[in-house]
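# Structure at a glance
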Amino acid sequence: QVQLVESGGGLVQAGGSLRLSCTTSGSIFSINTMAWYRQAPGKQRELVATITNGGITNYAESVKGRFTFSRDNAKNTVYLQMNSLKPEDTAVYYCSAVETWDKTPYWGQGTQVTVSS
């Protein structure tokens with residue numbers, strides 16, 4: 001089992017920044033990829049960014065150039081730095097730990113990000 005605890009959400013004005021954190025514990029040796037998803041009201045959950053154990057990142061087109069996914073292996077923590085936030089970034093952000101993509105991932109509890117215009 002893997003446990004994920006997110007923090008760092010909040011209310012920010014458009015153009016502002018937030019940094020989300022996700023700390024993992026448990027059987028983290030089995031995890032190959034960490035991911036951030038988000039779900040806005042009335043919309044499906046969407047993949048925002050991923051980072052592999054080797055530090056390779058991928059981003060959704062909507063956040064490229066604005067969001068940065070990083071990891072601190074010593075702290076078992078990943079971060080999502082979100083800059084130039086837009087109202088359309090408003091959503092609940094979920095951290096996810098992936099063993100392999102054919103397995104059900106582990107999920108955090110979610111953290112609310114609200115961007116006001």
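Look up a bit, the structure's there.
We now turn to the structure provided with this report. Quantities reported herein were computed from a predicted structural model and do not represent experimental measurements. For every chain, the first residue of the written sequence is number 1, and numbering continues from 1 onward in sequence order. Owing to the predicted nature of the model, reporting of local features is limited to residues with pLDDT of at least 70; listing and counting of side-chain atom pairs is limited to 80 or more, with chain, interface and lining totals taken over all residues. Hydrogens are left out, water is left out, and the side-chain values use all remaining heavy atoms of the structure.

### Overview of the overall build of the protein chain
Only DSSP runs of H or I with at least four residues qualify as helices, and only runs of E with at least two residues qualify as strands; both kinds are numbered from the N terminus onward. The number of helices and strands found in the protein chain is zero helices and eleven strands. Mapped in sequence order, the helices and strands of the protein chain form the string β-β-β-β-β-β-β-β-β-β-β. Each radius of gyration is computed over the set of C-alpha atoms, and the globule rule expresses the reference value as 2.2 Å times the number of residues to the power 0.38. Expected size for 117 residues packed as a compact globule is a radius of gyration near 13 Å; at 13 Å, the protein chain falls within 12% of this value. Counting only C-alpha atoms, the protein chain reaches 40 × 30 × 25 Å along its principal axes. A sequence separation of at least 24 residues applies to 54% of the contacts in the protein chain between residues at least 6 apart. Summing over all exposed atoms, the protein chain offers an accessible surface of approximately 6200 Å²; the carbon and sulfur share of this is 49%. Seen as two clouds, the 10 positive and the 8 negative side-chain charges of the protein chain have centres 3 Å apart. Should any heavy atoms of two residues lie within 4.5 Å, those residues are counted as being in contact. Using a 1.4 Å probe, accessible areas were evaluated by the Shrake-Rupley method; residue-level cover was limited to the displayed protein chains. Charge assignment in this entry is limited to Lys and Arg as positive and Asp and Glu as negative, and neither His nor the chain termini are counted. Charged groups are reduced to one reference atom each: NZ for lysine, CZ for arginine, CG for aspartic acid, CD for glutamic acid.

### Topic: the state of the cysteines
Here, two cysteine sulfur atoms that lie within 2.5 Å of each other are counted as a disulfide. With the rule as written, the count across this model stands at one disulfide. Two residues, Cys22 and Cys95, share a disulfide whose sulfurs are 2.1 Å apart. Looking along the S-S bond of the Cys22-Cys95 disulfide, the torsion reads about -85°, which is the left-handed sense. Linking Cys22 in strand S3 (residues 18-26) with Cys95 in strand S9 (residues 91-98), this pair joins segments that are 73 residues apart in sequence. Taken individually, Cys22 and Cys95 each receive the classification buried, so the pair is uniform in this respect. Each residue is assigned to one of three classes by its accessible area relative to the maximum for its type, calculated with a 1.4 Å probe on protein chains only: buried under 20%, partly exposed between the two thresholds, exposed over 50%.

### Brief notes about the pairing of S9
Of all the eight residues making up S9, seven are buried; the element is thus mostly covered by neighbouring parts of the structure. Where strand S4 (residues 33-39) meets S9, seven bridges bridge the pair, whose relative direction is antiparallel. Within S9, the residue paired with Ala35 across the bridge is Ser96. At least two bridges found by DSSP between two strands is the condition for calling them paired. In terms of strand pairing, S9 meets strand S11 (residues 111-116) through three bridges, oriented antiparallel. Paired with Tyr93 across the strands is Thr111, a residue of S11.

### A closer look at the environment of Val12
Structurally, Val12 is set in strand S2 (residues 10-13). Residue Val12 is classed as buried on the basis of its relative accessible area, which comes to 13%. Placed 103 residues apart in sequence, Val12 and Val115 show a C-alpha to C-alpha distance of 5.0 Å. Ignoring any residue separated from it by four or fewer positions in sequence, one finds Val12 in contact with Ser17, Leu18, Leu85, Thr114, Val115 and Ser116.

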